[in-house]
Amino acid sequence: MPQQIRAQETRAAIIRGAAAAFEQRGYGSTSLAQVSAAAGVTKGALYFHFDSKEALAVAIIDAQHTESVGAGRELLDNNVPGLRALVSITYELARQLRDDLIVSAGARLTIEAVNFSTPVSASYLDWIAACEEFVRRGIADGDVVPTVDVRAAACFVTAAFTGVQVVSDVLTRRGDIDQRLTEMWTLLLPGLVAPERWDDLKDLPERVQRERVAARP
């Protein structure tokens, strides 16, 4: 096996092992010895790729962000109506948090990264920007009331989703996250939807959730 490919595989194994360790114990309670054991590599191999625990945590956050942002970009590129895209991305992120260890660990680490020397705010800023684009598209579609403060709406949806997934994780290990998201949107939609579109869109979260369930393999 070429050395470069072997190095890439080792790095990926370290990230997977670290994600499992951080997800289980949290950043502060996880040692690099536990990471190397979970990854099945020596500490020397670990330090070859990452010079500190923080660098490893940031790599997981970056990997999580890349995957999650890709889902948002797909909705934008496929010209999904703005409000539907805004609702849909929250359910897709919920699926990733349930099913993808790196995404789940990255989300936890982002919240725990208050004292990191490396800024990790980019993930939140990128999601706020994506939500702004969804809201603007919703206004252009006629689904979102045109007087809404786009920036405020984007910030609030991002914060609301973050809170919902954290509480769901603490209480049920995200077993009820879809239900909690539907409740979140039931409360938020009246402040976003144009009055003339309400009858058509008031059940949008339930429809999006049913469609996603029906599409599962």
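The structure this text deals with has already been given above.
Cut-offs applied
- Residues numbered from 1 in each chain as written.
- Predicted model: local features only at pLDDT ≥ 70, side-chain atom pairs only at ≥ 80, totals over all residues.
- Heavy atoms only, no water.
- Helix = DSSP H or I, 4+ residues; strand = E, 2+ residues; numbered from the N terminus.
- Buried < 20%, exposed > 50% of the residue type's maximum accessible area, 1.4 Å probe, protein only.
- Contact = heavy atoms within 4.5 Å.
- Areas by Shrake-Rupley, 256 points an atom, 1.4 Å probe, with all protein chains shown as cover.
- Patch = residues over 30% accessible without salt bridge, like charges linked within 9 Å, V, L, I, M, F, W, Y side chains within 5 Å.
- Salt bridge = Lys/Arg side-chain N within 4 Å of Asp/Glu carboxyl O.
- Core = buried A, V, L, I, M, F, W, Y, C linked by side-chain atoms within 4.5 Å.
- Polar contact = N/O pair within 3.5 Å; in protein donor to acceptor, adjacent residues only side chain to side chain.
- Phe/Tyr/Trp six-rings, centres within 6.5 Å; stacked < 30°, edge-to-face > 60°.
- Axes fitted to C-alpha atoms, helices over the stretch in contact; angles between N-to-C directions.
- Parallel < 35°, antiparallel > 145°, perpendicular 65-115°, else oblique.
- Nonpolar A, V, L, I, M, F, W, Y, C, P; charged D, E, K, R; others polar.

1. Some thoughts on the overall build of the chain
Looking only at helices and strands, the chain has eleven helices and zero strands in total. Walking the chain from its N terminus toward its C terminus, one meets helices and strands in the order α-α-α-α-α-α-α-α-α-α-α. For the C-alpha atoms alone, the extent of the chain along its principal axes is close to 65 × 40 × 30 Å. Classification of the 217 residues of the chain by burial places 47% in the buried group. Contacts in the chain between residues at least 24 apart in sequence constitute 72% of all its contacts with a sequence separation of at least 6. Carbon together with sulfur atoms contributes 55% to the accessible area of the chain, which is approximately 11000 Å² in total.

2. Here's the deal with a nonpolar patch on the surface
Side chains of Ile-111, Tyr-124, Val-166, Val-167, Val-170 and Leu-171 sit close together on the surface and give an oily, nonpolar patch of about 540 Å² of accessible area. Examining the composition of the nonpolar patch, we find that four residues originate from one element, helix α8 (residues 150-172), more than from any other. Mapped onto the secondary structure, Ile-111 falls in helix α6 (residues 101-112). Judged by its relative accessible area of 38%, Ile-111 is partly exposed.

3. Re the nonpolar core
One recurring pattern in soluble globular proteins: nonpolar side chains tend to sit buried together. Formed by 42 residues in total, the largest nonpolar core has its most connected members in Leu-83, Leu-86, Phe-134, Leu-181 and Trp-185. Listing elements by their share of this core, those giving two or more residues are α4 (53-77), α5 (82-99), α6, α7 (122-141), α8, α9 (177-192) and α11 (204-215). At nine residues, α5 tops the list of elements feeding residues into this core. Not counting chain neighbours up to four residues away, the residues in contact with Leu-181 comprise Thr-90, Tyr-91, Ala-94, Phe-161 and Val-164. Counting 24 residues, the second-largest nonpolar core is a separate cluster that includes Ile-15, Ala-18, Leu-32 and Leu-109.

4. Points about the side chain of His-65
Mapped onto the elements, His-65 comes out in helix α4. Polar side-chain contacts of His-65 include one of 2.8 Å to the side chain of Asp-126. Every residue in contact with His-65, bar those within four places of it in the chain, is listed here: Ala-122, Ser-123, Asp-126 and Trp-127.

5. Details of the packing of aromatic side chains
Taken as a whole, this structure holds two aromatic pairs when the rule is applied. Centroid distance Tyr-27 to Phe-116: 4.7 Å. Interplanar angle 55°. Geometry classified as tilted. Of this pair, Tyr-27 sits in the loop between α1 (3-25) and α2 (32-39) while Phe-116 sits in the loop between α6 and α7, and the two are 89 residues apart along the sequence. Taking relative accessible area as the criterion, Tyr-27 reaches 16% and is therefore assigned buried. Three or more aromatic residues joined by ring pairs form one cluster here, namely Phe-22, Tyr-27 and Phe-116.

6. What to know about the packing of α4 against α7
Geometry of a packed helix pair, given as the angle between the helix axes and the separation of the axes. Where α4 contacts α7, the two axes come as close as 11 Å, and the packing angle between them is 10°. With respect to α7, the element α4 is oriented roughly parallel. Within the contact between the two elements, α4 uses His-65, Ser-68, Val-69, Gly-72, Leu-75 and Leu-76 and α7 uses Ala-122, Ser-123, Asp-126, Trp-127, Glu-133, Phe-134 and Arg-137. Its residues assigned to classes, the contact of α4 with α7 shows six nonpolar, four polar and three charged.

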